[in-house]
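Each chain, written out:
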Amino acid sequence: MSDSRVQGAASGRGSGGRRRAWSELLAGRVRRQERSPGRGQELQESAVLLLRSHLDWSHLLLEVEGPPHKKLCLGSWIDHDVPEACTHLSSSLIGSALRDHASLLGVPVAVLSSQMVASSIVRICEAEAEHAHRALLDSVQRKKLSSLIEIAQYLLAHSMFSRLSFCQELWKVQNSLLLEALWHLHVQNIVSLQELLESHADLQATVAWLFRNLRLLCEQIEASCQHTDIARAMLSDFVQMFVSNGFQKNSDLRRNVQPGQMPQVAVAVLERMLILALEALGAGLQEESPTHKAVSCWFSVFSIHTFCRTISTDSLKKFFSHTLTQILTYKPVLRVSDAVQMQREWSFARTHPLLTSVYRRLFVIVSPEELISHLQEVLETHEVNWQHVLSCVSTLVICLPEAQQLVNDWVARLLARAFESCDLDSMVTAFLVVRQAALEGPSVFLSYADWFQASFGSAKGYHGCSKKALVFLFKFLSDLVPFEAPRYMQVHILHPPLVPSKYRSLLTDYITLAKTRLADLKVSIENLGLYEDLSSARDVTESQPHSQAPQDVEKALLVFEHTGKIPVAVLEASIFRRPYYLSHFLPALLTPRVLPRVPDTRVAFIESLKRADKIPPSLYSTYRQACSAAEREKPEDAAPGMKVEPGHVEEPLELLTIALGELRAAMTDPVQYDVLSAQIAVISERVGSVLGLSEDRGSFEASKIQLSVLAPELEQQEQKVVDLLLTSFCQNLMAASSFAPPDRQGPWASRFVMTMCERTLLPAVLTRLCQLLHRQGPSLSASHVLGLAALAVHLGESRSALPEVHMGPPAPARGLSIPEFFNSLLTCGTAESSLLCLKFCTAAISYSLCKFSSQSRDVLYSCLSPGLIKKFQFMVFRLFSEARDPLSQEDTAGHPSKPWCLPSADWQQVALYLWKQRTFQELLKEEQFHLTYRNWLQLELEIQPEVDSLSDTERRDFHQWAIHEHFLPKPAAAGGCDGDLETACTVLVDVLMDFCQSSRSYDHSESSDLVLGGCTGNRDIFSRLQDPPQPASVSARRQPPGRTASHP
């Protein structure tokens, strides 16, 4: 048909209208061209007309193949290899073609253009065979789409494109669209995502399509590392759009959408994505599985960085609060009885890390007070998922330092309301919340036993106002009995509520019921361990008497070894708890073995019990016979008194190592409290798993720690755990200090140290510290000394919550606080021990002054022992002659953080730098830190001259200066002698007599390094008083090492 049309046109131009042959026509055309070169413009118009007549509209916008001259430069234009003029020509050509075709069809060119672009997008998306299971384009599709978007931008600029029509066309083929294609349209301002979504009439279909594609996007983001930046930008943009539309008060009424439709779509999509993630968590996720990766990807959007200041704080708070509500109310199928039974499995360390991570992200923008208020509101107005509520409480107390007091106050309000109106819901909530928080250990919350005693153990308790309140309490406790763990019933029995005598029957009835239940569970109050702490978080069913008894025996032997007396707990058990004593404790103590030739502690303890008639004769006789049989049957290589140690499970230790490594990796930002606290909670849980039955998370109420200075020993497994913790603390401290000084590191160090302060673990930690500082001190590296010094500071920070330390001879017989304990481990008798003492004191004081620079002096005083500061003064005066001169105003400096940041520096320089600090010099003005003449004598008497760091001459010069120039003229109020030589002599004689008496009392400790002060040293000091002062020579001797007097 086109040929006839061309021929007709040609024949119309012939002379006389005669039809000519085709060859004539061509010949004539050539002749006319030659005669009239200006006909080129007419030929171009004819070519355009021919192209328009045969145009394939479905392929025009996607044409990228073939030689350039056959494509009107369109292919080169798409490939971005042509000049701007060719680009403009291509766009002009397409625009002109679309106008002509729209005119022929009788439709607006904008509508036709929209249809053509939409059809082209579908062709691009369908080019990949598996497009239905993808949300991202490949590189070829992305390139083609980029070219198509440039065409669409030209059409938009020339008012030849209808956004509304384009959106409608896209929704007709929505199942063929890839999400990335729509995102590019949004980014390039072809049509916004919001406008596109609002144009769909079916709300449910829109939600379903978005949900399916967002899920595919999350799966693809984690499945491939290619184009991850594009995929994450897409996800961020979609989430920002949903939050801005779904959680703002004012909606845009100018849009062509029913009021409330877009907010509904946004909220519905966000809710469905969260439900998908929660369903996956509930079904159980395998690490590194596609579902796990997709859930992790979606949870990552709950980050403040996702919104990049594009969303208002109020909108973000609404979104986060709404999300938290949805999590707490997701599938509320668990009953209160289920929560009472199962809540131990919902602690922070046992909750899926993905769930705790989303909690922590939600906590960022909402204040702790608002979180508690929101929790209370949700519990009062919704049916809740108790697993999520209680795991949220655990995360709250772990990750927010203010949470302990806030939860305490919240529980107090709940209890007050419960007893005021017998509100069972408030009572249930209070007990569940307290028990959950207590599961996280005493470093973050009170133990349950302590809380129960504080709440109901006095006349001021919530239950003491009336009989009605008492009945309500015991009715509630009785209702809990069939469901709760034995541990809680034992707390209620052994620490019962205070009840007036006339209502005693209420308590008796409950105790009878609880004991019956414990008997059904084969757990008896009588079978509790002698040293067992009821504030421990673990269940009694995990600590049966046959496994608890060996631990009680070991603890009793330790006490007996240090005191030589039968422990009070054993005597009480032999009278008041005979079933446990006879059936479990004695059999564990009287385990047959090959008796040693020299009686050991166990033999002596057994004989003491026998003499006190605490072992039945028949049982003792059977034990001796069994030991004799063991002696006859012993292997040749068996050592007397030894028994084979059971194998240790390595897996829990490996898990602890991994957890410590993860904490080390997080130290790049030591201020992120929630991340570090979460990891420390995991470490605490892993420590409990490694120690097994020796785990005890309780407090140290009314207890003490007994250590042996002469022979501090640890079980193999205990030493492995403690070494891992101490090494980790030192490494983490060095890593954190490389990013920020101690005062800007947050409270991670305190939290870590509190993990080591649990009842079973702290004695092992202190024993290991005794080994390291007392035996291996000179071999410790600089980083170890710095780390252990900081550890000592943080242990001192918690001194009020820790027991006293009782150390065997030759250490002081009295109980020592933790700072005093460290002071007792640092001696100055030899050159090596003096250097260690100087290093440790320098590190501890520097760290304290820097860490607590913005806090009150009381905090600093609790962390450091006065003895430690006095030893530092003693060592500085002794080793550095320049320190003996009074400091001028110019010598003092400001903040003492510099020496702390230099672990590899010269310790002598660091010590002098600290000595000159203004802050430290002000500290020395406190009376408790004065180095008195008596203190100096006591320390100097410990020096062993044969291994002293000073030569005889240097020591004589030091004594001359200290006595005659420093302490003798010094006022008595500052620790001196007021210039009275008689007073100086009297104090010297007193100190010498005390020292000699102490030395004689330690004669049995032949190998003890603590028995110091030889006679030579004593005579040196005594003879100093007979030397007259020599001012002229003293001045010369004050020259620092390496300096010489100047000569004219």
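Here the structure is a predicted model, which is why all the values come from computation and not from measurement.

(A) Inspection of the overall build of the protein chain at higher detail. When its secondary structure is counted, the protein chain shows 50 helices and two strands. Looking at the protein chain residue by residue over its 1048 residues, the buried ones come to 50%. In the protein chain, the share of contacts with a sequence separation of at least 24, taken over all contacts with a separation of at least 6, comes to 77%.

(B) Region of interest: helix H31 (residues 601-611). Three or more residues of H31 are buried, namely Arg602, Val603, Phe605, Ile606, Ser608 and Leu609. Where H31 starts, the residue carrying a side-chain oxygen 3.3 Å from the main-chain nitrogen of Arg602 turns out to be Asp600. Positive phi appears at Asp613, one or two residues downstream of H31, with a value of about 60°.

(C) Structural context of unusual backbone geometry. Here the phi dihedral of Asn189 falls at roughly 65°; this positive angle occurs in a residue that is not glycine. In this fold, Asn189 is placed in the loop between helix H10 (179-187) and helix H11 (193-198). If you check the backbone angles, Asp978 has positive phi at about 60° while not being a glycine. When you line up the elements, Asp978 lands in the loop between helix H47 (952-967) and helix H48 (981-1001).

(D) Spatial organisation of the packing of aromatic side chains. On inspection of all chains with the given rule, the structure shows 41 aromatic pairs. Arranged with centres 6.4 Å apart and planes meeting at 45°, the rings of Tyr620 and Tyr623 form a pair that is tilted. On the criterion of helical spacing, the pair formed by Tyr620 and Tyr623 is a turn pair, its members being three residues apart in helix H32 (residues 617-633). Exposure class is identical for Tyr620 and Tyr623. Each is buried. Aromatic rings pair up to connect Phe419, Phe431, Tyr448, Trp451, Phe452, Phe456, Tyr462, Phe472, Phe476 and Tyr488 into one cluster. It is Arg272 that lies over the ring of Phe211; its NZ or CZ is 4.3 Å from the centre.

(E) Here's a closer look at the packing of helix H8 (residues 139-157) against H10. As a packed pair, H8 and H10 sit with axes 11 Å apart at the nearest point and diverge in direction by 35°. Here H8 and H10 pass one another in a crossing that is right-handed. On the side of H8, the interface is formed by Arg142, Leu145 and Ile149, while H10 contributes Glu180, Ala181, His184 and Leu185. Of the residues that constitute the contact of H8 with H10, the class distribution is four nonpolar, one polar and two charged.

(F) Focus on the side chain of Asn385. Topologically, Asn385 is positioned in the loop between helix H20 (368-381) and helix H21 (386-399). Asn385 sits in the buried class, given a relative accessible area of 7%. When residues no more than four places from it in sequence are discounted, the contact partners of Asn385 are Ile327, Leu328, Thr329, Tyr330, Lys331, Pro332 and Leu334.

(G) Representation of the confidence of the model for the protein chain in the model. Residues of the protein chain with pLDDT of at least 70 account for 77%, and the chain-wide mean is 78. Here residues 1-16 scores under 50 on pLDDT; set against residues more than four positions off or in separate chains, the count is six contacts. The low-confidence segment residues 1001-1017 (pLDDT under 50) makes 32 contacts with residues lying over four places distant or belonging to another chain.

(H) Spotlight on the environment of Val987. Mapped onto the fold, Val987 is located in helix H48. For the pair Val987 and Tyr933, spaced 54 residues apart in sequence, the C-alpha to C-alpha distance is 8.1 Å. Sequence-distant contacts of Val987, defined by excluding residues within four places in its chain, comprise Tyr933, Arg934 and Leu937.

(I) Representation of the nonpolar core in the model. Ile121 and Leu795 are the most contacted members of the largest nonpolar core, which totals 282 residues. If one sorts the elements of this core by residue count, helix H14 (residues 261-283) sits on top with 12 residues. Setting aside residues up to four positions removed in sequence, Leu795 forms contacts with Val753, Cys757, Leu762, Leu766, Leu769, Leu802, Ile818 and Phe822. The next biggest cluster of nonpolar side chains, apart from the first, holds 22 residues, and it includes Val553, Tyr581, Ile606 and Cys627.

(J) Main features of the pattern of salt bridges. Scanning all chains against the criterion turns up 16 salt bridges. Lys317 is paired through a salt bridge with Glu370; the nearest N and O atoms lie 3.4 Å apart. In this pair, Lys317 is assigned in helix H17 (residues 313-328) and Glu370 in helix H20, connecting sequence segments 53 residues apart. In this structure Lys317 comes out as partly exposed when scored by relative accessible area, which is 26%. Since its relative accessible area comes to 35%, Glu370 is described here as partly exposed. Linking Glu940 and Arg878 is a salt bridge whose minimum nitrogen-to-oxygen distance equals 2.8 Å. Placement of Glu940 in helix H46 (residues 933-940) and of Arg878 in helix H42 (residues 866-879) is noted, with a sequence separation of 62 residues between them. Looking at Glu940, the relative accessible area reads 2%, which means it is buried. Within the structure, one salt-bridge network assembled from shared partners comprises Arg878, Glu940, Asp948, Asp952 and Arg955.

(K) Structural detail: the packing of helix H34 (residues 673-691) against helix H35 (residues 716-737). It is at 10 Å that the axes of H34 and H35 come closest, and there the two elements cross at 165°. The pairing of H34 with H35 is recorded here as roughly antiparallel in orientation. Handedness of the crossing formed by H34 with H35: right-handed. Two secondary-structure elements touch here, H34 through Ile683, Val687, Val690 and Leu691 and H35 through Gln717, Glu718, Val721 and Leu725. Taken together, the residues of the contact of H34 with H35 sort by class into six nonpolar, one polar and one charged.

(L) Representation of the environment of Val947 in the model. Note on placement: Val947 falls in the loop between H46 and H47. In the structure, Val947 is positioned 117 residues away from Thr830 in sequence and 5.2 Å away in space, judged by C-alpha atoms. Each residue touching Val947, except ones within four places of it in the same chain, is listed here: Gly829, Thr830 and Ala831.

(M) Highlighting helix H27 (residues 504-520). With 17 residues, H27 should cover 24 Å at 1.5 Å per step; its first-to-last C-alpha distance of 25 Å lies within 8% of that length. Looking only at H27, the buried set comprises Leu507, Tyr510, Ile511, Ala514 and Leu518. In a view along the axis of H27, the buried residues occupy a sector of 100°, so they form one face of it. Residues of H27 that are exposed and angled more than 90 degrees away from the buried face: Asp509, Ala519 and Asp520.

(N) Examining a nonpolar patch on the surface more closely. A cluster of nonpolar side chains, contributed by Leu104, Leu105 and Val107, occupies part of the molecular surface with about 300 Å² of accessible area. Position of Val107 among the secondary structure elements: in the loop between helix H6 (84-105) and helix H7 (109-125). Take Val107: its relative accessible area is 34%, and that puts it in the partly exposed class.

Reading the values: the criteria
- Residues numbered from 1 in each chain as written.
- Predicted model: local features only at pLDDT ≥ 70, side-chain atom pairs only at ≥ 80, totals over all residues.
- Heavy atoms only, no water.
- Helix = DSSP H or I, 4+ residues; strand = E, 2+ residues; numbered from the N terminus.
- Buried < 20%, exposed > 50% of the residue type's maximum accessible area, 1.4 Å probe, protein only.
- Contact = heavy atoms within 4.5 Å.
- Polar contact = N/O pair within 3.5 Å; in protein donor to acceptor, adjacent residues only side chain to side chain.
- Phe/Tyr/Trp six-rings, centres within 6.5 Å; stacked < 30°, edge-to-face > 60°.
- Lys NZ or Arg CZ within 6 Å of the ring centre and 35° of its normal.
- Axes fitted to C-alpha atoms, helices over the stretch in contact; angles between N-to-C directions.
- Left-handed = near helix turned anticlockwise from the far one by under 90°.
- Nonpolar A, V, L, I, M, F, W, Y, C, P; charged D, E, K, R; others polar.
- pLDDT = per-residue confidence, 0-100.
- Core = buried A, V, L, I, M, F, W, Y, C linked by side-chain atoms within 4.5 Å.
- Salt bridge = Lys/Arg side-chain N within 4 Å of Asp/Glu carboxyl O.
- Parallel < 35°, antiparallel > 145°, perpendicular 65-115°, else oblique.
- Expected span 1.5 Å × (residues − 1).
- Arc of directions from axis to C-beta.
- Patch = residues over 30% accessible without salt bridge, like charges linked within 9 Å, V, L, I, M, F, W, Y side chains within 5 Å.
- Areas by Shrake-Rupley, 256 points an atom, 1.4 Å probe, with all protein chains shown as cover.

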